[in-house]
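Here is how the chains run, residue by residue.
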Amino acid sequence: MKIAIMGAMPEEVEPIVEKLDDMKKTVYAVNTYYEGRYHGQEVVVAYSKIGKVFATLTATILIEKFACNTLLFSGVAGAISDKLKIGDLIIADGLCQHDLDITAFGHPYGYVPEGEVCIPADVNLRNIAKNVAKEKGLILKEGIIATGDQFIANAERKDWIGNTFNADALEMEGAAVAVVCSSLNVPFFILRAISDSADMDASFNFDEFLESSAKISADFILSMVDEIK
Ligand code: ADE
């Protein structure tokens, strides 16, 4: 098995890259890929840059060029559910695109023909995450994560996304990774730690908590690698 570990921003992958043994850096398609081993397990780590397009590119390259056959995503998210506080962990049971809109043709939000509104994440990887959380005594929420090419800092828009997709958290890459992995039959898993509540304080909170929340998520992902191998 070769595991891809992906984030969107440097802060999301640095705590992982710094723990790799036998690390080799490759620059490809204006992005850096870190191949190495974590406790003996072969991994390839990369951050995509923010948003669905960059995430699609990186996930595809991790699978097609670096031959990864499992993908774990680690990063931060804005909370929709008021049960989620800064630093809390959420795993996606499914991912949808909140900014995909051809409702003018009578389709539901998030749907295009031959696609799905909500793409489920791999059940086996989700169960591994639940075991890790149990072993570590950590609380892990599971729910729908909504993705879009927008930083949400507006309570009204956040509530609309929550109500329309029954989503608990939002971010800017997960559903793109889901489209790539489900199309290429690669099991995938999306983990996020909350950095903000997608409201009027979101950009301020994001700047303050990006690093600490990204580290919480990255540490959990590394424990999952130990459990998978
Ligand atoms: N990732 C973390 N917080 C976010 C927010 N408020 N909107 C979009 N993506 C995010």
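Look up a bit, the structure's there.
Residues numbered from 1 in each chain as written. Predicted model: local features only at pLDDT ≥ 70, side-chain atom pairs only at ≥ 80, totals over all residues. Heavy atoms only, no water.

Chemist: Outline the overall build of the protein, listing residues and values.
Modeler: On a plain count of helices and strands, the protein comes out with 6 helices and 10 strands. Here the C-alpha atoms of the protein give a radius of gyration of 16 Å, agreeing with the 17 Å that 2.2 N^0.38 yields for 229 residues. If you line up the protein on its principal axes, its C-alpha atoms span 50 × 35 × 30 Å. In the protein, which comprises 229 residues, the share counted as buried stands at 53%. Taking the contacts inside the protein whose residues are at least 6 apart along the sequence as the reference set, 77% of them involve residues at least 24 apart. A total accessible area of about 10,300 Å² is found for the protein, and carbon and sulfur atoms account for 51% of it. Here the protein carries 20 positive and 34 negative side-chain charges, and the mean point of each set is 5 Å from the other. (Helix = DSSP H or I, 4+ residues; strand = E, 2+ residues; numbered from the N terminus. Rg over C-alpha atoms; globule rule 2.2 N^0.38 Å. Buried < 20%, exposed > 50% of the residue type's maximum accessible area, 1.4 Å probe, protein only. Contact = heavy atoms within 4.5 Å. Areas by Shrake-Rupley, 256 points an atom, 1.4 Å probe, with all protein chains shown as cover. Lys, Arg positive; Asp, Glu negative; His and termini not counted. Charge placed at Lys NZ, Arg CZ, Asp CG, Glu CD.)

Chemist: Provide a residue-level description of the site of the ligand, including the pertinent values.
Modeler: Close to the ligand lie 13 residues; Gly78, Phe151, Ile152, Leu170 and Asp196 are nearest. Burial of the ligand by the protein chains amounts to 97% of its free accessible area of 260 Å². Among the elements of the structure, β5 (70-79), β9 (167-171) and β10 (188-196) are those that each provide at least two residues to the shell around the ligand. With 3 residues, β5 is the single largest residue contributor to the shell around the ligand. Looking at the shell around the ligand residue by residue, the classes come out as 8 nonpolar, 3 polar and 2 charged. (Near = heavy atom within 4 Å. Nonpolar A, V, L, I, M, F, W, Y, C, P; charged D, E, K, R; others polar.)

Chemist: Give me the nonpolar core: which residues, what numbers.
Modeler: Residues Met6, Leu62, Leu71, Leu95, Val177 and Phe188 are the most contacted members of the largest nonpolar core, which totals 40 residues. Of all elements in the fold, only β1 (3-7), β4 (41-47), α2 (52-64), β5, β6 (89-97), α5 (174-183), β10 and α6 (202-228) reach the threshold of two or more residues within this core. Ranked by residues supplied to this core, first place goes to α5 with 6 residues. Not counting chain neighbours up to four residues away, the residues in contact with Leu71 comprise Ala4, Met6, Ala59, Leu62, Leu125, Val177, Cys181, Val186, Pro187, Phe188 and Phe189. Membership of the second largest hydrophobic core comes to 29 residues, among which are Leu89, Ile91, Ala129 and Leu191. (Core = buried A, V, L, I, M, F, W, Y, C linked by side-chain atoms within 4.5 Å.)

Chemist: I'd like a rundown of α2, residues and numbers included.
Modeler: Taking 1.5 Å of rise per residue, 13 residues should cover 18 Å, and α2 covers 18 Å from first to last C-alpha, within 8% of that figure. Taken together, the buried positions of α2 are Lys52, Ala55, Thr58, Ala59, Ile61, Leu62 and Ile63. (Expected span 1.5 Å × (residues − 1).)

Chemist: Could you give an account of unusual backbone geometry, naming the residues involved and the relevant values?
Modeler: It is generally the case that most residues other than glycine have a negative phi and that most peptide bonds are trans. The backbone of Val30 sits at a positive phi, close to 60°, despite the residue not being glycine. Within the fold, Val30 resides in the loop between β2 (21-28) and β3 (31-38). Backbone geometry at His39 places phi at a positive 50°, although glycine is not the residue there. Locating His39 in the fold gives a position in the loop between β3 and β4. Under the relative-accessibility criterion, His39 is labelled partly exposed at 45%.

Chemist: Give me the state of the cysteines: which residues, what numbers.
Modeler: Applying the stated criterion across every chain yields a total of 0 disulfides. The thiol of Cys68 is not disulfide-bonded; the next cysteine sulfur, from Cys181, is found 9.8 Å away. Taking relative accessible area as the criterion, Cys68 reaches 3% and is therefore assigned buried. (Disulfide = S-S within 2.5 Å.)

Chemist: Please give an account of the pairing of β10 that cites residues and values.
Modeler: Burial analysis of β10 places 9 of its 9 residues in the buried class, the great majority of the element. When β5 meets β10, the two strands line up parallel, connected through 8 bridges. What sits directly across from Gly78, in β10, is Asp196. (Pairing = 2+ DSSP bridges.)

Chemist: Tell me about the side chain of Lys158, residues and numbers included.
Modeler: Inspection of the secondary structure puts Lys158 in helix α4 (residues 155-165). No salt bridge is formed by the buried Lys158, whose closest oppositely charged neighbour, Asp199, lies at an N-O distance of 5.0 Å. Sequence-distant contacts of Lys158, defined by excluding residues within four places in its chain, comprise Ala79, Ile80, Ile152, Ser197 and Ala198. (Salt bridge = Lys/Arg side-chain N within 4 Å of Asp/Glu carboxyl O.)

Chemist: Describe the packing of aromatic side chains, with residues and values.
Modeler: As enumerated under the stated definition, the model contains 4 aromatic pairs in all. Each ring, one from Tyr109 and one from Trp160, has its centre 4.8 Å from the other, and the planes form 90°; the classification is edge-to-face. Taken together, the residues span a long stretch of sequence, with Tyr109 in the loop between β6 and β7 (119-120) and Trp160 in helix α4 at a distance of 51 residues. The exposure class assigned to Tyr109 is partly exposed, which follows from its relative accessible area of 33%. Arranged with centres 6.0 Å apart and planes meeting at 80°, the rings of Trp160 and Phe165 form a pair that is edge-to-face. Aromatic rings pair up to connect Tyr109, Trp160 and Phe165 into one cluster. Above the face of the Tyr28 ring, Lys65 is positioned so that its terminal group lies 4.4 Å from the ring centre. When the ring centre of Phe66 is taken as reference, the NZ or CZ atom of Lys65 above it lies at 5.9 Å. (Phe/Tyr/Trp six-rings, centres within 6.5 Å; stacked < 30°, edge-to-face > 60°. Lys NZ or Arg CZ within 6 Å of the ring centre and 35° of its normal.)

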